[in-house]
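# Descriptive structure summary
Chain residues, written in single-letter form:
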Amino acid sequence: MTWQPHITVATLVEHEGKFLFVEEFKAGQHVFNQPAGHLEPNETLPQAALRETLEETAWEVELTGVVGIYLYTAPSNGVTYQRICFAARPVRHHADLALDTDIVRAVWLTRDELLADPTRWRSELVPRCLDDYLAGPLHSLTLLRD
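Residues numbered from 1 in each chain as written. Predicted model: local features only at pLDDT ≥ 70, side-chain atom pairs only at ≥ 80, totals over all residues. Heavy atoms only, no water.

As annotated in an unreviewed UniProt entry, the protein carries the name Phosphatase NudJ and comes from Pseudomonas kermanshahensis. Taken directly from UniProt, the Cofactor (unreviewed entry) text for the protein runs: "Mg(2+)". Of the protein, the UniProt comment under Subunit (unreviewed entry) reads exactly: "Monomer." (UniProt positions renumbered as here; feature names shortened; annotations may be inferred.)

This is the structure in structure tokens:
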């Protein structure tokens, strides 16, 4: 048996003190996450982040940096994920786009609103990425090599 981590991207989008999250329905519960998903074949990490953000929130964004690279093993299933978290600014909302089927809605929340209910976090990475973004530093996108 070969062990392979899942490569995922997440995008932390800030606008006027609020952050863009998705509300998902997972394991019978509504939870919040950054727009996030798996890297697909023949796709760069930035391309994956832009695609996932658009598919899950209908927001076109501009990536501004790398927040961090995280290794996380989900306690629920033992799967290990490598998450590359990007920072971005909103560019354009496409209100006519349908969101991915597992997304309930896209929502702008403050940090305090997110932290108010830890049972609604998809994982511990959700507040960790946000706090790492706020604490800095933000790393250059040139850190990534294709």
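This part is about the UniProt feature "domain: Nudix hydrolase" (unreviewed entry) in the protein. The feature "domain: Nudix hydrolase" (unreviewed entry), as given by UniProt, occupies residues 2-131 in the numbering adopted here. Within residues 2-131, the helical portion is 19% and the strand portion 48%, while the C-alpha atoms at the span's ends are 34 Å from each other. (Helix = DSSP H or I, 4+ residues; strand = E, 2+ residues; numbered from the N terminus.)

Tracing the backbone shows Thr57 in helix α1 (residues 45-57). A distance of 3.1 Å separates a polar atom in the side chain of Thr57 from the backbone nitrogen of Trp59. (Polar contact = N/O pair within 3.5 Å; in protein donor to acceptor, adjacent residues only side chain to side chain.)

Right, let's talk about the packing of aromatic side chains for a bit. Per the counting criterion, the structure on display carries two aromatic pairs. Between the aromatic rings of Trp59 and Trp108, the centroid separation amounts to 5.7 Å while the plane-to-plane angle is 90°, which identifies the pairing as edge-to-face. Taken together, the positions of Trp59 in strand β5 (residues 59-73) and Trp108 in strand β7 (residues 103-109) put the pair 49 residues apart, joining distant regions of the chain. With relative accessibility at 18%, the residue Trp59 sits in the buried group. (Phe/Tyr/Trp six-rings, centres within 6.5 Å; stacked < 30°, edge-to-face > 60°. Buried < 20%, exposed > 50% of the residue type's maximum accessible area, 1.4 Å probe, protein only.)

Of the strand pairs in this sheet, strand β1 (residues 6-15) and strand β6 (residues 80-93) are connected by eight bridges, and their pairing is parallel. Bridged to Ala10 within β6 is Cys85. As defined by bridge partners, β1 adjoins strand β4 (residues 36-38) across three bridges and the pair is classed as antiparallel. Looking across to β4, one finds that Ala10 is bridged to Ala36. (Pairing = 2+ DSSP bridges.)

Right, let's talk about the nonpolar core for a bit. With 19 residues, the main nonpolar core has Leu12, Phe21, Phe32, Tyr70, Cys85, Leu114 and Leu130 as its most contacted residues. The set of elements that each furnish at least two residues to this core consists of β1, β2 (18-26), β5, β6, β7 and α3 (125-135). Counting residues per element, this core draws most heavily on α3, at four residues. Residue contacts for Leu130: discarding those within four places in its chain leaves Leu12, Phe19, Phe21, Gln34, Arg111 and Leu114. Counting residues in each nonpolar core, the second largest holds 13 residues, with Val9, Val13, Ala48 and Trp59 among its members. (Core = buried A, V, L, I, M, F, W, Y, C linked by side-chain atoms within 4.5 Å. Contact = heavy atoms within 4.5 Å.)

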